[in-house]
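Secondary and tertiary structure notes
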Amino acid sequence: PPRFVPFLTRSDEAIVSIKIPRHIERRQAHPGMDLYDYVVSLYADDLVVLERDGEDIAEHTMAYTDIKHLRVDEELLRGRLRLALHGNAFELPYNTVSAEVIARLVAIIRERYARPAAVARPADDLDLGADELSFYFDRLLRAERASTSGMQALAAQAETSLGEVDSSWLRRAIYGVVRKRLLETLWLCDGRELKIIDRGSTYGYRWQSTYGTGISYLPVANLETVHWKDGGAGLTGLRLGSGGGRLDYAFSGGNETVPTLRRYLDGLA
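All chains use their own residue numbering, which begins from 1 and follows the written sequence. At least 70 in pLDDT is required for a residue's local features to be given in this predicted model, at least 80 for side-chain atom pairs to be given and counted, and no such filter applies to totals for whole chains, interfaces and linings, which use all residues. The basis for every side-chain value is the complete set of non-hydrogen atoms in the structure, without hydrogens or water.

1. Some points on the overall build of the chain
Under the scheme used here, helices are H or I runs from DSSP no shorter than 4 residues and strands are E runs no shorter than 2 residues, and both carry numbers assigned from the N terminus. Across its full length, the chain carries 4 helices and 17 strands. When a residue's accessible area, from a 1.4 Å probe over protein chains only, is under 20% of the maximum for its type it is buried; when over 50% it is exposed; and in between it is partly exposed. Expressed as a percentage of the 269 residues in the chain, the buried residues total 43%. What makes two residues a contact is simply this: any of their non-hydrogen atoms within 4.5 Å. The contacts of the chain with a sequence gap of at least 6 include a subset with a gap of at least 24, amounting to 56%. Areas reported as accessible are Shrake-Rupley estimates using a 1.4 Å probe. Residue values count occlusion only from the protein chains shown. When the accessible surface of the chain is split by element, carbon and sulfur atoms take 49% of a total near 14,600 Å².

Rendered as structure tokens:
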């Protein structure tokens, strides 16, 4: 886009460059209007994000190794790519019509964002059945296993009604009214990187329909802290720290895949 051209001054050729349009209805657009908010260029060792703010352009350059973890969230037509850096994060909104383009960017970043880690892969690829995975997540796991990623199933959390697991009758009654439920999560690892798939949030309620999917990618070399805690309501909480912020998850108390996950994560941190 013309607004960004004066800032594309690097002599080295980009692996790929993309432009991200404004969230604007077609009928509101007119000739001469700035129609793009971002231009993202990926190079051999770093990436550059040009961000439009009115008529000004801000330039953000980050080495791949500065990215501690990343996350992709998608819900219907709205998507968000989050790059977690030391002390802050950078977020890129996009339309999920362009999901394949974003997936290509994510793949390039993942190839370059962590130094190799000599960490053993999980001992076993868990045999997860209908009790642990929904049809949708089972399909995601099958696709992962059919690929050449080397990812193995490490743990899973099925969607669970909190009214069924809490020991307090009062909270059970409240959870029954609002239908609060712990949403599904699938944990994968290839020895180099954790891949955690969820529904975009930890909990769901009666008035919410669940259409979202979130994927967090965390290199094991960047895993700094693993903190397990009592999550209340019969839950076990887990917080991962990567130097680029934290990732929080929860498991039901009777989850039989948690001991395997706990041993593996505690051995990494």
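Here the narrative resumes, following the displayed structure.
2. A word on helix α1 (residues 99–112)
Taking 1.5 Å per residue, 14 residues should reach 20 Å; α1 reaches 20 Å between its end C-alpha atoms and fits that length. Taken residue by residue, α1 has Ile 102, Leu 105, Val 106, Ile 108 and Ile 109 as its buried positions. When α1 is viewed along its axis, its buried side chains cluster within an angular range of 160 degrees and face the same direction. More than 90 degrees from the buried face of α1, the exposed residues found are Glu 100 and Glu 111. To estimate the expected span of a helix, count its residues, drop one, and scale the result by 1.5 Å. When we speak of the arc, we mean the arc of directions from the helix axis to the C-beta atoms.

3. Quick notes on the side chain of Ser 242
Residue placement: Ser 242 occurs in the loop between β16 (235–241) and β17 (246–252). What makes Ser 242 buried here is its relative accessible area of 2%. Polar contacts involving the side chain of Ser 242 include one to the side chain of His 69, which spans 2.7 Å. Within polar-contact distance, the side chain of Ser 242 engages the backbone nitrogen of Gly 244 at 3.2 Å. If we skip the residues at most four places from it in the chain, Ser 242 touches Lys 68, His 69, Leu 218, Asn 222 and Glu 224. Under this definition, polar contacts are N or O atom pairs within 3.5 Å; protein pairs additionally need one hydrogen-donor-capable and one acceptor-capable atom, and for neighbouring residues in sequence, both atoms have to be side-chain atoms.

4. Topic: the nonpolar core
The criterion is simple. A nonpolar core is a set of buried Ala, Val, Leu, Ile, Met, Phe, Trp, Tyr and Cys residues joined through side-chain atoms within 4.5 Å. In this structure, Leu 42, Leu 47, Leu 70, Leu 81, Ile 109 and Leu 186 are the most contacted members of the largest nonpolar core, which totals 39 residues. For this core, the element with the highest residue contribution is α1, accounting for 5 residues.

5. What to know about a nonpolar patch on the surface
A patch consists of residues whose relative accessible area exceeds 30% and which take part in no salt bridge; residues with like charges are grouped when within 9 Å of each other, and nonpolar side chains (Val, Leu, Ile, Met, Phe, Trp, Tyr) when within 5 Å. One speaks of a salt bridge when a side-chain nitrogen belonging to Lys or Arg is within 4 Å of a carboxyl oxygen belonging to Asp or Glu. On the surface, a cluster of nonpolar side chains totalling about 490 Å² of accessible area is made up of Leu 76, Leu 77, Val 97 and Tyr 211. With a relative accessible area of 55%, Leu 77 lands in the exposed category.

6. So, unusual backbone geometry
Positive phi, normally seen in glycine, also occurs at Leu 76, with a value near 55 degrees. Counting through the fold element by element, Leu 76 comes out in the loop between β5 (67–75) and β6 (78–85).

7. Side note on the environment of Arg 145
When you line up the elements, Arg 145 lands in helix α2 (residues 135–146). Owing to a relative accessible area of 37%, Arg 145 belongs among the partly exposed residues under this scheme. As for Arg 145 and Asp 125, which are separated by 20 residues in sequence, their C-alpha atoms are 9.8 Å apart. Arg 145 has contacts with Asp 125, Leu 126 and Ala 153, leaving out every residue within four places of it along the chain.

8. Some details on the packing of aromatic side chains
Only rings of Phe, Tyr and Trp enter the pairing, Trp through its six-membered ring, and a pair is recorded when the two centres are within 6.5 Å. The plane angle decides the type: under 30 degrees is stacked, over 60 is edge-to-face, the rest tilted. Summed over the entire model, instances satisfying the criterion amount to 4 aromatic pairs. For the pair Trp 187 and Tyr 249, a centre-to-centre distance of 5.0 Å together with 65 degrees between the ring planes defines the contact as edge-to-face. Residue Trp 187 is located in strand β11 (residues 185–189), and its partner Tyr 249 is located in strand β17; the two are separated by 62 residues in the primary sequence. Just as Trp 187 is buried, Tyr 249 falls in that class too. Ring geometry for Trp 228 versus Phe 251: centroids 6.2 Å apart, planes at 35 degrees, classification tilted. Linking Trp 228 in strand β15 (residues 225–232) with Phe 251 in strand β17, this pair joins segments that are 23 residues apart in sequence. Assigned by exposure class, Trp 228 and Phe 251 land together as buried. Site record: aromatic cluster; members linked through ring pairs are Trp 187, Trp 228, Tyr 249 and Phe 251. The criterion for a charge sitting over a ring is simple: Lys NZ or Arg CZ within 6 Å of the ring centre, and within 35 degrees of the ring normal. One cation-aromatic arrangement involves Arg 10 over Tyr 43; the distance from NZ or CZ to the ring centre is 3.8 Å.

9. Looking at the pairing of strand β1 (residues 16–21)
Only one face of β1 is buried: it carries Val 16, Ile 18 and Ile 20, and the other face, with Ser 17, Lys 19 and Pro 21, is open. As paired elements, β1 and strand β2 (residues 36–42) share 6 bridges and run antiparallel to each other. Bridge pairing links Pro 21 to Tyr 36 in β2. The rule for pairing is simple: two strands pair if DSSP sees at least two bridges between them.

10. Focus on α2
Between its first and last C-alpha, α2 extends 16 Å over 12 residues, near the 16 Å set by a 1.5 Å rise per residue. Within α2, burial applies to Phe 137, Leu 141 and Glu 144. Considered in projection along α2, the buried side chains sweep an arc of 60 degrees and stay on one side of the axis. For α2, exposure combined with an orientation more than 90 degrees from the buried face picks out Phe 135, Arg 142 and Ala 146. In this structure, the buried residues of α2 make contact with β8 (152–157), β11 and β12 (193–198).

Keep in mind these numbers describe shape, not what the thing actually does.
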